[in-house]
Each structure stands twice: as C-alpha cells, then as structure tokens.
Amino acid sequence: MDNINKIAILRALQLGDMLCMIPAVRAIKKAYPQAEITLLGLPGKENFVQRFNHYFSRLLPFPGWPGLPEQEADPAGIARFLLDAQQEQFDLVLQMQGSGAHTNDCCFLLNGRITAGLRAAGVWAPNETLFPLMTESEHEILRLLKIVHALDIPIDGTALEFPIHAEEYAGAGMIMELLNLQAGNYICLHPGARDPRRRWSAAHFAAVGDALAAMGHTIVVTGAAEEAALTQAVTAQMQYPAIDLVAQAGQTTIGEMAALIQSSQLLLSNDTGVSHIAAALCIPSVIIFSDYSDPGRWAPLNDQLHTVVTAAQANNLAYVADKCVGKINVNSLKV
C-alpha cells in the first residue's frame, strides 16, 4: 500500500490488553516508519502513548460506543469524535478491538482511505480480505497479527515490550534502598486484578508466599494504592515476614513497579496487566488463571519462561509452589 502517512488504531482497553497489540503495531511502524500513528484509546491513556512514543504520535480519546462494555457510550462525544476523526483523513484505520461486532461499524464511519481489522464469523466488515476471520480460541497476539498479514506487512516477531524510563528506574532504586531489597534476591506476589473474579484468594497467595519464604526467599507483595486491602490481607495471613509494597513504600507508578518486577527472581500473579509486563521484560512468572479468563488467549507465549496455572489446578497449593520453585532459576532461558 502506498502513501500511508496517517494511521489510526482503535484499541480502547486496559494495560494488559494494550500490551498484546504491540507486536502488530511494531510491524506496522516498521513497514511505514514515516507514518504518524494515532491511538484511539481510553481517555487518560496519554501515559501509554508517551511510553510507546516510538510507535504512537498521539492519543485521540475514544468516547465509547453502543455495545462496548469498557466505558459508557457518550452520544454527544461520539458525534464529536466521528467528526474529528473524519477531518483527520486517515490513510489507514485499523480495528484492533474484539470481534468487530460493534467496532467494525465504528471504524468504517471514520472514513479512512483504507480500513482493516478482524471479524468473527457472521460479522459485517467493509472488506473481507482486509478483515480476516478470528475465533475466540486464538491467542490475542497472534489474532492481531492476522491484520498485519492481511496488509501484506512482514511480521516482526511476537515479543511484547514495556519501556521503562530513567526516572522510573531511579524511583524503583529508591524503593529498593528503602526496603533493603537486592536485585535478583526477592520474589513478587501480585494479588490484584481489575476484575475481582480473576483474583486468586489472599489466603492462597499467603500460603505459597510462606512456602517460598521458608526456603529463604524474600517476599514482596505488590499492588497499586487502591489495592492496599489486598496486599495487607496477604501479608497478614503469612507466617513468615513479607514486604507489603503499598504499606511500606506508598503509591508506586506502573513504571516503578515494572522496574521492581524486572529486578525480581519471579512474579506470581493473577492474569492481569503485570503478567504481561513480566512477559515483556522476560522475567520468569507463574500466572494464576480463573474460570473467567482463557489461558489460550492470554497466557504468555514463552511457556519455558512462564508457567500457567489453570483454574482446575489453582487449588493445589503444593503444585503452585512447586511451579514457582521451578521458575526461580530459569533466567538462562530468557529470550
């Protein structure tokens, strides 16, 4: 495709979902290095665009859309959004959000010169060649790369990315000094998840944390400030001492938390954003899945470095602890 100078990508989702699109975005930017890529994303995601400013030029806040659950649709905002997007005269509009049941219509109305994306069976698309079929069983990263293939763009790997800024490393360094943490000598437990149904119990995290602490490992329970009750619940139920990051260090930024994970031996977490950060940073992880999340779609692709615990396995705490021990010394497998 010639003269692709302005690209818009619709993906108005949360952090973990956003990270899964980076392999597709990387390939597109490599094919069109001169192009300005605008993210049509959730309001307030300017930090994501800034973190990935080697790919994205700016954010155009998405006002929601009828049928999409991530945000309440704003009719007046939708009208302004469509007008603004049409005036941009995008050369290429990419639908990277779901089956297309609602989002294909939305992207078509942006009036780009070329529109591409995904579609489930029976879902309308403006051009079936540029909207390859997807199924619910496909991995999210590989599913989005179907769009890249449909555009005849070479795939540039499946690896995730999570750039960490110098000031975030500095902030993490101050936290490590405060908590007397040494790089490579602690394990992160992350009990939070945006959807409460995907949270393994605090008692289970505490039990596995104790099993690891009994072997001499330092345990750090991580979370955002709004997850203080969760981190406190884990540490309160542990027999061995553990570091409650929220209680002992206060609010940390997502970049500082990523830097702390990067310096750890292992991450044990629910299927949530930090699991994708560990995958991006090639830190060994054990990820707990619930009945409300599909490992086939969301598990890290590198199954040597990362271990999935399915909902059926998650009540076997000895099994989970054993998988954690098995991952602690696999740094040589980082790719």
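I will try to describe carefully the structure that is included in this document. (Residues numbered from 1 in each chain as written. Predicted model: local features only at pLDDT ≥ 70, side-chain atom pairs only at ≥ 80, totals over all residues. Heavy atoms only, no water.)

**What to know about a nonpolar patch on the surface**
For clarity, the cut-off: Like-charged residues are merged into a patch within 9 Å and nonpolar side chains (Val, Leu, Ile, Met, Phe, Trp, Tyr) within 5 Å, provided each residue has over 30% relative accessible area and no salt bridge. For the area figures, the Shrake-Rupley method with a 1.4 Å probe applies, and any residue is considered shielded solely by the protein chains shown. One side-chain nitrogen of Lys or Arg within 4 Å of one carboxyl oxygen of Asp or Glu is enough to make a salt bridge. The helix and strand labels rest on DSSP assignments: H or I over at least four residues marks a helix, E over at least two residues marks a strand, and numbering proceeds from the N terminus.
On the surface, Phe108, Leu109 and Trp124 cluster together into a nonpolar patch covering about 300 Å² of accessible area. As for its position among the elements, Trp124 is in the loop between strand 5 (114-116) and helix 6 (140-150).

**So, the side chain of Ser275**
What counts here: Accessible area is worked out with a 1.4 Å probe on protein chains only. A residue is then buried under 20% of its type maximum, exposed over 50%, and partly exposed in between. By definition in these notes, contact holds between two residues if any of their heavy atoms fall within 4.5 Å.
For Ser275, the location among the structural elements is in helix 12 (residues 273-281). By relative accessible area, which is 2% here, Ser275 ends up buried. Excluding its chain neighbours within four sequence positions, the residues that come into contact with Ser275 are Leu267, Ser269, Asn270 and Ile287.

**Section: unusual backbone geometry**
In the Ramachandran plot, Asp152 falls in the positive-phi region, its phi being about 60 degrees despite a non-glycine side chain. On the basis of relative accessibility, which here comes to 71%, the residue Asp152 falls in the exposed class. Phi is positive for Asn180, which is not a glycine, with a value near 60 degrees. Along the chain, the position of Asn180 falls in the loop between helix 7 (166-179) and strand 6 (186-190).

**A few points about the pattern of salt bridges**
Counted under the stated rule, the structure contains 16 salt bridges. The residue Asp156 makes a salt bridge to Lys30 at a minimum N-O spacing of 3.7 Å. Here Asp156 is found in the loop between helix 6 and helix 7, whereas its partner Lys30 is found in helix 2 (residues 22-31), with 126 residues between them in sequence. Taking relative accessible area as the criterion, Lys30 reaches 60% and is therefore assigned exposed.

**Here we look at the sheet that holds strand 8 (residues 243-244)**
Selection rule: Pairs of strands are assigned from DSSP output, requiring at least two bridges between the strands.
Spatially, 8-7-6-9-10-11 is the arrangement adopted by the six strands of the open sheet, whose pairing is parallel. The open sheet has two edge strands, strand 8 and strand 11 (306-309), and neither has a second partner. Pairing geometry for strand 9 (residues 266-270) and strand 10 (residues 285-288), over four bridges, is parallel. Following the sheet pairing, Ser269 is matched in strand 10 by Ile287.

**Overview of helix 2**
Counting buried residues in helix 2 gives eight out of 10 residues, a clear majority hidden from the surface. All buried positions along helix 2 are accounted for by Ile22, Pro23, Ala24, Val25, Arg26, Ala27, Ile28 and Lys29.

**Looking at the sheet that holds strand 5**
What links the strands of a sheet is backbone hydrogen bonding, and the strands pair in either a parallel or an antiparallel sense. Put simply, the rule is: Fitting a line to C-alpha atoms yields each axis, with helices limited to the stretch in contact; the angle taken between N-to-C directions then spans 0 to 180 degrees.
Taken in spatial order, the five strands line up as 3-2-1-4-5 in an open sheet, and their pairing is parallel. Looking at the sheet topology across the chains shown, the edges are occupied by strand 3 (58-61) and strand 5. The average angle at which neighbouring strand axes cross in this sheet is 20 degrees, direction not considered. In this sheet, strand 4 (residues 92-95) lies alongside strand 1 (residues 6-10) in parallel orientation, the contact comprising four bridges. By the bridge assignment, Leu10 is partnered in strand 4 with Gln95. Those strands touched by helix 4 (residues 75-88) are strand 1, strand 2 (36-41) and strand 3, and its axis lies near 145 degrees from that of strand 3.

**Considerations on helix 6**
For helix 6, the buried fraction is high: eight of the 11 residues fall into the buried class. Turning to helix 6, its buried residues are Glu140, Ile141, Arg143, Leu144, Leu145, Ile147, Val148 and Ala150. Against helix 2, strand 4, strand 5 and helix 13 (295-298) lie the buried residues of helix 6. Once helix 6 finishes, Asp152 follows within two positions and takes phi at roughly 60 degrees, a positive value.

**A look at the environment of Met18**
Relative to the elements of secondary structure, Met18 occurs in helix 1 (residues 15-19). Residues Met18 and Ala242 lie 224 residues apart in sequence; the distance between their C-alpha atoms is 31 Å. Setting aside chain neighbours within four positions, we find Met18 in contact with Arg11, Leu13, Leu39 and Phe48.

**Some points on the nonpolar core**
Formally: Side-chain atoms within 4.5 Å link the members of a nonpolar core, which is a set of buried Ala, Val, Leu, Ile, Met, Phe, Trp, Tyr and Cys residues.
Ile7, Ile9, Met21, Phe48, Phe56, Leu94 and Met96 are the most contacted members of the largest nonpolar core, which totals 70 residues. At six residues, helix 12 tops the list of elements feeding residues into this core.

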